[in-house]
Amino acid sequence: MDNDYHRKLVDLYAGRELPSEIEAEMEIAAHGDAELAVDMASLRQTVDTLRSEGSPFTEESYQRILTKLLIRGAAFEARTPDPAHLQYQLPIQG
Amino acid sequence: MPNDASRDTLAERRWIVALAEGDPSALGGLYELYGERIFRYAYRMLGNRADAEDATAETFLRVLRRSAELRADGAFRTWIFRIARNLCIDKLRQHKLMELPPDAQYPGNEDRSTLRVTVQQALDALPPEYREPLILCDLEEMGAREAAELLKISVPALKSRLYRGRRALRDKLGTHFERTYGQRLPS
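Residues numbered from 1 in each chain as written. Chains lettered and ligands numbered in written order. Predicted model: local features only at pLDDT ≥ 70, side-chain atom pairs only at ≥ 80, totals over all residues.

Details of the packing of helix H7 (residues 144-151) of chain B against helix H8 (residues 155-172) of chain B
Residues and elements named next belong to chain B. At a minimum axis distance of 9 Å, the contact between H7 and H8 shows a crossing angle of 100°. The angle between the axes of H7 and H8 places the two elements in the roughly perpendicular class. When H7 is examined against H8, the residues Ala144, Arg145, Ala147, Ala148 and Leu151 are found in contact with a partner set consisting of Val155, Leu158 and Lys159. Taken together, the residues of the contact of H7 with H8 sort by class into six nonpolar, no polar and two charged. (Axes fitted to C-alpha atoms, helices over the stretch in contact; angles between N-to-C directions. Helix = DSSP H or I, 4+ residues; strand = E, 2+ residues; numbered from the N terminus. Parallel < 35°, antiparallel > 145°, perpendicular 65-115°, else oblique. Contact = placed C-beta atoms within 7 Å. Nonpolar A, V, L, I, M, F, W, Y, C, P; charged D, E, K, R; others polar.)

Structure (structure tokens):
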């Protein structure tokens, strides 16, 4: 199969949207085509870099936003989140 | 708001109903659930911690003011993100007028902070039509359908912008990747 076909799939490869067998086929094709290989690897790394970005949210930001809310008229106390088992609908048993 | 009951959790629905019925303390529950996500989105959009905190607070105040409109019909997340998005767009317009510098640095692991700053600077340099799909789909891991709904575009248009945005970001990060791969990236 020619590499034009594989070049059209690079975006899907980068986002891990391809079935595993086509992904493996892409990787085999990349062995014989350096440009395709760099395109696949660099684009996937771009996506992986974004997806692995840590959260910039800090305790200080949490408190400052809370203070802004209270100063501007919201009336509540910070709560702890519900336990995980209350956050999802469980199937009815019995 | 469109109906997609699968999106809201039980706790979220309870707080939405309580807030709609006039219990302002329910906003605290929604802040616990959504505060971090809205802040992250605003921070990525604005590149500035102070503005992101302000936009996050204003988002929740608008939720409170419009609480009578709230329905636990599964679309709350899209709705609150849309409020945050509109606020961010307003702030970006102000930035453009005032030419405020972005503030991409924040405390954290020093090994990652350089890459974070690089990524944030590269995001800041992208046109908004590419930046937004990247923030929503890759950073916030929102599904394509929901992100398209939020941006009021079709799913194919969203995917097209997402793919172009990734390539544009890759090009902005070119120096970093060219060092890694030892050759120029395909154009």
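Section: the domain arrangement of chain B
Residues and elements named next belong to chain B. Domain boundaries assigned for chain B yield domain 1 (1-103) and domain 2 (106-187). At the junction of the two partners, domain 1 supplies twelve residues and domain 2 supplies ten residues. For the side of domain 1 that touches domain 2, the secondary structure elements donating two or more residues are helix H2 (26-46) and helix H4 (76-98). Top contributing element to the side of domain 1 that touches domain 2 by residue count: H2, with five residues. Here the side of domain 1 that touches domain 2 is built from residues that sort into four nonpolar, two polar and six charged. (Domains from an automatic or database assignment.)

A closer look at the nonpolar core
Residues and elements named next belong to chain B. Leu27, Leu30, Ala42, Phe60 and Ala84 are the most contacted members of the largest nonpolar core, which totals 60 residues. Looking at which element gives the most residues to this core, the answer is H2, with 13 residues. Each of two domains, domain 1 (1-103) and domain 2 (106-187), supplies a minimum of three residues to this core. Excluding residues that lie within four positions of it along the chain, Ala42 makes contacts with Ala52, Ala55, Thr56, Ala84 and Cys88. (Core = buried A, V, L, I, M, F, W, Y, C linked by C-beta atoms within 7 Å. Buried ≥ 20, exposed ≤ 12 C-beta atoms within 10 Å, placed from the backbone.)

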